[in-house]
Amino acid sequence: RDRAWRAMLINAFFRWESAATIALTVLLAFFLPKPFPGWQWWFWLIGGALAEAAVIYSSLSDPEFRSRVVKDMLRQEFNPVEIHDDTYRGYLEQAIEYRERIEEAIARRRRGVMQDHFLETARQVDDWIRNIYEIARRLDQFSGDDLIRRDADAVPERIDELREQIDRERNPRVRAQLEDMLHAKEVQLANLEQLEGGVQRAELQLEHTLTAMGTIYSQLLLVNTKDVDSSRVRRLREDMADEVRDLQDVLDSMDEVYETTSIV
């Protein structure tokens, strides 16, 4: 929230209206310091400061301006371009679009308890986007990992070969070495299968979260002021908290399995 306000202040200050106000103030103070008796050059500075404050206030009060700034900030922090896979990049872009629509819907509401409630909801959605971004990055990393894909194809074949060699081998020492190798390959295969299962779980969780974001957006448009303290709103907040925990759980699980697989 603090980052968003800083971003909005900076963008308001650098709008063309703001730049024109500052430039006009400087020009008037320099070239027309005393347009009539009793006028002081620094009066222009006071007038310019008041005009600049009005420009900034009007910017911060404009829902469309606020929405655009938050959208740009989200796209800078969670840049979809960093995701190379089209599917996973699409998940992130859709999540950011939902967040933009939620922000716009909140901005259209009148100030009060209801808007404050949904501002808190939007902050929880930001946690979703952060986790969606991290999960999409890890899925993208997995899909682009040629070594993991080659191992997924090669390890099962190598296990079959080792089992055949063990059946044929009569030298006890060589047989023991082959059995050790087989065990290591079986552990590697189990990790690869666990990683694949984690990827499938992460993909399903992303789809589930996007569906939940769409539900929140529709509920935001439907909920009335009288529903602020209703069970519907409380349930929505609880569901959002559960979704954040599920996303974080998937993220932690992917990290753990991927690191284990990489070590093996």
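Each remark here, short or long, concerns the structure printed above.
Attention in this report is confined to the structure presented alongside it. Note that the coordinates shown come from a computational prediction; the quantities given were computed from them, not determined experimentally.

A few points about the overall build of the protein
Right, on to step 1. Counting its regular elements, the protein contains 9 helices and 0 strands.
Right, on to step 2. Each helix and strand of the protein, placed in order from N terminus to C terminus, yields the pattern α-α-α-α-α-α-α-α-α.
Right, on to step 3. Buried residues in the protein amount to 38% of all 264 residues.
Right, on to step 4. Residue pairs in contact within the protein that sit at least 24 positions apart in sequence constitute 75% of those at least 6 positions apart.
Right, on to step 5. Carbon and sulfur atoms make up 53% of the accessible area of the protein, which amounts to about 15,900 Å² in all.

A few points about a negative patch on the surface
Right, on to step 1. Taken together, Asp153, Glu157, Asp160, Glu164 and Asp167 make up a surface patch of like negative charges.
Right, on to step 2. Relative to the helices and strands, Glu164 resides in helix α7 (residues 146–168).
Right, on to step 3. With relative accessibility at 47%, the residue Glu164 sits in the partly exposed group.

Topic: the pattern of salt bridges
Right, on to step 1. Across all of its chains, the model carries 8 salt bridges by this definition.
Right, on to step 2. A salt bridge links Glu134 to Arg138, with the nearest nitrogen and oxygen atoms 2.8 Å apart. Pair noted here: Glu134 and Arg138 are both in helix α6 (residues 113–143), with a separation of 4 residues, about one helical turn.
Right, on to step 3. The network of salt bridges with common partners includes Glu134, Arg137 and Arg138.

Focus on the nonpolar core
Right, on to step 1. Formed by 44 residues in total, the largest nonpolar core has its most connected members in Tyr88, Leu92, Ile102, Ile129, Ile135, Leu139 and Met213.
Right, on to step 2. Looking at this core, the elements with two or more residues in it are α4 (63–77), α5 (86–107), α6, α7, α8 (172–222) and α9 (231–263).
Right, on to step 3. It is α8 that provides the largest number of residues to this core, a total of 14 residues.
Right, on to step 4. Core analysis: the next-biggest nonpolar cluster, separate from the first, contains 6 residues, Met8, Ile56, Phe65 and Val69 among them.

Re the packing of aromatic side chains
Right, on to step 1. In this structure the tally under the stated criterion is 7 aromatic pairs.
Right, on to step 2. Taking 5.2 Å as the distance between ring centres and 65° as the angle between the ring planes, the aromatic pair formed by Phe36 and Trp39 counts as edge-to-face.
Right, on to step 3. We classify Phe36 as partly exposed; its relative accessible area is 47%.
Right, on to step 4. Judged by relative accessible area, Trp39 falls into the buried class, the value being 19%.
Right, on to step 5. Aromatic side chains Trp39 and Phe43 sit 5.1 Å apart centroid to centroid with 85° between the ring planes, which places their arrangement in the edge-to-face category.

What about the side chain of Glu52?
Right, on to step 1. Residue position: Glu52 is located in helix α3 (residues 41–60).
Right, on to step 2. Apart from residues lying up to four places away in sequence, Glu52 is in contact with Phe13, Ser18, Thr21 and Ile22.

Things to note about helix α2 (residues 16–31)
Right, on to step 1. Given a rise of 1.5 Å per residue, 16 residues ought to cover 22 Å, and the 22 Å separating the end C-alpha atoms of α2 matches this to within 8%.
Right, on to step 2. All of the buried residues along α2 are Ser18, Thr21, Thr25 and Ala29. All buried residues of α2 lie within an arc of 60° about the axis, which places them on one face of the element. More than 90 degrees from the buried face of α2, the exposed residues found are Trp16, Phe30 and Phe31.

Cut-off values and rules
Throughout, residues of each chain are indexed from 1 in the direction in which the sequence is written. Under the rules for a predicted model, residues below a pLDDT of 70 receive no local features and side-chain atom pairs below 80 are neither given nor counted, while totals for whole chains, interfaces and linings still include all residues. Where side-chain values are given, they derive from all heavy atoms of the structure, hydrogens and water being excluded. Each helix corresponds to a stretch of at least 4 residues labelled H or I by DSSP, and each strand to a stretch of at least 2 residues labelled E; elements are numbered beginning at the N terminus. Only protein chains enter the area calculation, which uses a 1.4 Å probe; residues under 20% of their type maximum are buried, those over 50% are exposed, and those in between are partly exposed. Whether two residues are in contact is decided by their heavy atoms, any of which lying within 4.5 Å being enough. Computed by Shrake-Rupley with a 1.4 Å probe, the accessible areas treat only the displayed protein chains as cover when residues are assessed. Distance thresholds for patches are 9 Å for like charges and 5 Å for nonpolar side chains (Val, Leu, Ile, Met, Phe, Trp, Tyr), applied to residues having over 30% relative accessible area and no salt bridge. A carboxyl oxygen of Asp or Glu within 4 Å of a side-chain nitrogen of Lys or Arg is what we treat as a salt bridge. Charged residues are defined here as Lys and Arg on the positive side and Asp and Glu on the negative side; His and the ends of the chain fall outside this count. In this description, the location of a charge corresponds to atom NZ of lysine, CZ of arginine, CG of aspartate or CD of glutamate. Each nonpolar core is a collection of buried residues, namely Ala, Val, Leu, Ile, Met, Phe, Trp, Tyr and Cys, held together in the definition by side-chain atoms within 4.5 Å. For Phe, Tyr and Trp, rings pair up if their centres lie within 6.5 Å, where Trp contributes its six-membered ring, and each pair is then called stacked (planes under 30 degrees apart), edge-to-face (over 60) or tilted (otherwise). An expected span of 1.5 Å times one less than the residue number is assigned to each helix. Think of it as the arc spanned by the lines of direction from the helix axis to the C-beta atoms.

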